[in-house]
Amino acid sequence: MTNGSDVSPDTMKGAGWILFAGVMIAIAGVMNTVGGIAALDSANFFTADARYIISDLNTWGWVLLILGIAQLVAAFSIWGGGEYGRWIGVGSASLNMIAQLFFIPAYPLWSLAIFSLDILVIYGLVVYGGRQGA
């Protein structure tokens, strides 16, 4: 029995994951952009006496700001159906996972929440990202 379209259930499931990954990477991008700006401004919600493995809060603010902007670009490209958005999304989410592990001393729960979002984004883009045209 068909519903009049050539869209398989696997493609529909993949489309849902792609939309989900786009939304999650947009959320992570907004959170990273806001967190990066707050770190550059030395906002009070970061731990005051945190010790960083590499550099200081200002440097990590720039890293998060750049990653957040890259994630927002990836989200809009993913929603537009661009293949580059998929790879930018996987790359920026992977780099962001590493950055969040280094950023844990500043704000542990925030970092772990964004780390978890990145895992879901990578899963959705890697497993279902190539099925858009299938």
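Computed from a predicted model, the values in this text were never measured in an experiment.

Some thoughts on helix 3 (residues 83-103)
Taking 1.5 Å of rise per residue, 21 residues should cover 30 Å, and helix 3 covers 30 Å from first to last C-alpha, within 8% of that figure. Of the residues making up helix 3, those classed as buried are Gly85, Arg86, Gly89, Val90, Ser92, Ala93, Asn96, Met97, Ala99, Gln100 and Phe103.

Some thoughts on the packing of aromatic side chains
A full pass over the atoms with the stated rule returns three aromatic pairs. Aromatic side chains Trp17 and Phe20 sit 5.4 Å apart centroid to centroid with 85° between the ring planes, which places their arrangement in the edge-to-face category. Placement of the pair is Trp17 and Phe20 together in helix 1 (residues 9-40), with a separation of three residues, close to one helical turn. The class of Phe20 is partly exposed, set by a relative accessible area of 32%. Arranged with centres 5.3 Å apart and planes meeting at 85°, the rings of Phe76 and Trp79 form a pair that is edge-to-face. Placement of both Phe76 and Trp79 in helix 2 (residues 57-79) is noted, with a separation of three residues, approximately one turn of the helix. With relative accessibility at 39%, the residue Trp79 sits in the partly exposed group. Taken together through their ring pairs, the aromatic side chains of Trp17, Phe20 and Tyr123 make up a single cluster.

Details of the nonpolar core
In terms of nonpolar packing, the biggest core is built from 19 residues, with Ile18, Ile25, Ile78, Val121 and Leu125 touching the most fellow members. Ranked by the residues each element gives to this core, the list is headed by helix 4 (residues 108-128), at seven residues. One finds Trp60, Ala99, Phe103 and Ala106 within the second-largest nonpolar core, a separate group that totals seven residues.

Focus on the pattern of salt bridges
Evaluated as defined, the whole model comprises one salt bridge. Between Arg86 and Glu83 there is a salt bridge, and its shortest N-O distance comes to 3.1 Å. One end of the pair, Arg86, and the other, Glu83, are both in helix 3, three residues apart, so they sit about a helical turn from each other.

The rules we used
Residues numbered from 1 in each chain as written. Predicted model: local features only at pLDDT ≥ 70, side-chain atom pairs only at ≥ 80, totals over all residues. Heavy atoms only, no water. Helix = DSSP H or I, 4+ residues; strand = E, 2+ residues; numbered from the N terminus. Expected span 1.5 Å × (residues − 1). Buried < 20%, exposed > 50% of the residue type's maximum accessible area, 1.4 Å probe, protein only. Phe/Tyr/Trp six-rings, centres within 6.5 Å; stacked < 30°, edge-to-face > 60°. Core = buried A, V, L, I, M, F, W, Y, C linked by side-chain atoms within 4.5 Å. Salt bridge = Lys/Arg side-chain N within 4 Å of Asp/Glu carboxyl O.

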